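# Residue-level structure breakdown
Next come the chains, spelled out residue by residue.
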Amino acid sequence: MKKILLSIASILAFGAISAQVAKTPLIEHFTSASCPPCVAQNVAMKAILDNMDANNLDYVKVAHQGNYSFDPMENNFPTGSSVRFQHYSGTGVPHSALNGTSGYPSTIVTASTMAAVAAQTTPYQVAVTQNWISATSVDVTVVVSNTTPAAVSTANKIFISMVEETVSFPSAPGSNGESVFHWVLREMYDATSGAGNATAGSALGTIAANSNQTFTFNVTPPSYIADLNQVSFAAYIQSATSNDMEQAGKSIRGGVPGLLDLATATSSTVGAGYCNYSFDPVISFTNNSPGIPVTNVIVEYDINGGTPVQETYNGNLTQGQSTAIAFPNTNLAPGSSTINYNVVSVNGANAYSGGSVAMAPETFSKINATTSTTPIIE
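A brief report on the enclosed structure follows. (Residues numbered from 1 in each chain as written. Predicted model: local features only at pLDDT ≥ 70, side-chain atom pairs only at ≥ 80, totals over all residues. Heavy atoms only, no water.)

## Details of the sheet that holds strand β19 (residues 294-303)
Note the cut-off: When DSSP finds at least two bridges between two strands, those strands are taken to pair. In this text, helices come from DSSP runs of H or I with a minimum length of four residues, and strands from runs of E with a minimum of two, each type numbered from the N-terminal end. Here, axes are lines fitted to C-alpha atoms. For helices the fit covers the stretch in contact, and angles between N-to-C directions go from 0 to 180 degrees.
Taking strand neighbours across the sheet as the criterion, the 4 strands line up as β20-β19-β23-β24 in an open arrangement whose pairing is antiparallel. Of all strands in the sheet, those bounded by a partner on one side alone are β20 (309-317) and β24 (362-366). Neighbour-to-neighbour, the strand axes of the sheet open up by a mean angle of 25°, direction not taken into account. Pairing analysis gives 5 bridges linking strand β23 (residues 335-346) to β24, with the strands arranged antiparallel. Bridged to serine 336 within β24 is serine 365.

Structure (structure tokens):
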């Protein structure tokens, strides 16, 4: 009888183990648009991940853009990167964490370490889906399943992040020369309520045998998203005690209905000659969207990162029609002036493909207005 009971126990144990699934590697990468050493690490990591894509291997990546001198993406959502950075006791960028183990990217995220994580098994499965209701509303569903015939509680934290898979700038926004960024963290959400800025994650309870916990919520994407079609959601579950990442999953980007197809260009004019400081900012705006008229556009510019000046267009631009949005005349400062342009909103939202509306900054140089005495030597 004892042998029979032992055999039954062994069969049940084997069944529990065999029902486990492969872990999906989660990379949390800490970088910055103004960090010179980050460039080589970013290039090397992208090559590793591109190779995984080519071989149809799953992974989840969340890039935390840090405040190393200056980074506009970090300015959009600063708490997300800083809280996760502190969680891993980071001291500087570049820095990475692979399924809870952190260190320098070139040693933490390699082809072999990724393969080692992917070879591990877990009783947890994470499935993430997104369903765009409109360009300003998206439903998110996260299902955390227990694939084994025994209750599990190892993972007790769930984190949900909105990422923008590719963010492209017309020119490098920071000082290290990078203009294209991947899997950029944009916001973190509470799994139960959908509230933003949920950097601490949410509680994940015990999941019964062969059962699941489902989280659903609706969010409005932040106004600073460059391209809504690049948005996806990453969910990852972690043990708050051991720091081990048990499982991760991500949604498939795209599917935003009614997304506008727009184009912009600058046609600003400056006073002729180095001593004429007159400046007339103008943004040319074109609606390429079939069947969707543009009735309201808010655009802005700033000089050397100063206070933005906004101008609003109200009208009715159908497909193929353009308008020139002019700002009041102003004067440039002596020396060099960099003009930054931005589309704030169209039809009351950021419901457009960001790549088509990005405008490169312009730089103008004028002679200093203050005269200086030139020494005369006889």
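## Topic: helix α4 (residues 78-87)
Where we set the bar: Think of it in three bands: with a 1.4 Å probe and only protein chains considered, a residue is buried below 20% of the maximum accessible area for its type, exposed above 50%, and partly exposed in between. Summarising the geometry, the arc corresponds to the directions from the helix axis toward the C-beta atoms.
Taken together, the buried positions of α4 are Gly80, Ser81, Arg84 and Phe85. Along α4, the residues classed as buried sweep out an arc of 120° about the axis, all on the same side. Positive phi appears at serine 89, one or two residues downstream of α4, with a value of about 55°.

## Some remarks on the sheet that holds strand β16 (residues 269-270)
Judged by pairing direction, the sheet is antiparallel, and its 3 strands sit side by side in the order β16-β17-β22 without closing on themselves. Each end of this open sheet is capped by a strand with a single partner; those strands are β16 and β22 (330-331). Bridging between β16 and strand β17 (residues 278-280) involves 2 bridges; their strand directions are antiparallel. Looking across to β17, one finds that threonine 269 is bridged to aspartate 280.

## A closer look at the state of the cysteines
As a reminder, the rule being used: Cysteine sulfur pairs qualify as disulfides if the two atoms are within 2.5 Å.
Considering all chains together, one arrives at 1 disulfide under this definition. With a sulfur-sulfur separation of 2.2 Å, cysteine 35 is cross-linked through a disulfide to cysteine 38. Around the S-S axis, the bridge from cysteine 35 to cysteine 38 shows a dihedral of about 85° and counts as right-handed. Cysteine 38 matches cysteine 35 in its accessibility class, with the two residues each being buried.

## Looking at the nonpolar core
Applied cut-off: For the purposes of this section, nonpolar cores are sets of buried Ala, Val, Leu, Ile, Met, Phe, Trp, Tyr and Cys residues that join through side-chain atoms within 4.5 Å.
Judged by nonpolar contacts, the single largest core of 31 residues is most densely connected at Val142, Val144, Ile158, Phe233 and Ile237. Of all elements in the fold, only β7 (124-134), β8 (137-146), β9 (157-168), β12 (212-219) and β13 (231-238) reach the threshold of two or more residues within this core. The next biggest cluster of nonpolar side chains, apart from the first, holds 30 residues, and it includes Phe77, Val109, Ala234 and Tyr236.

Keep in mind these values describe shape, not function.
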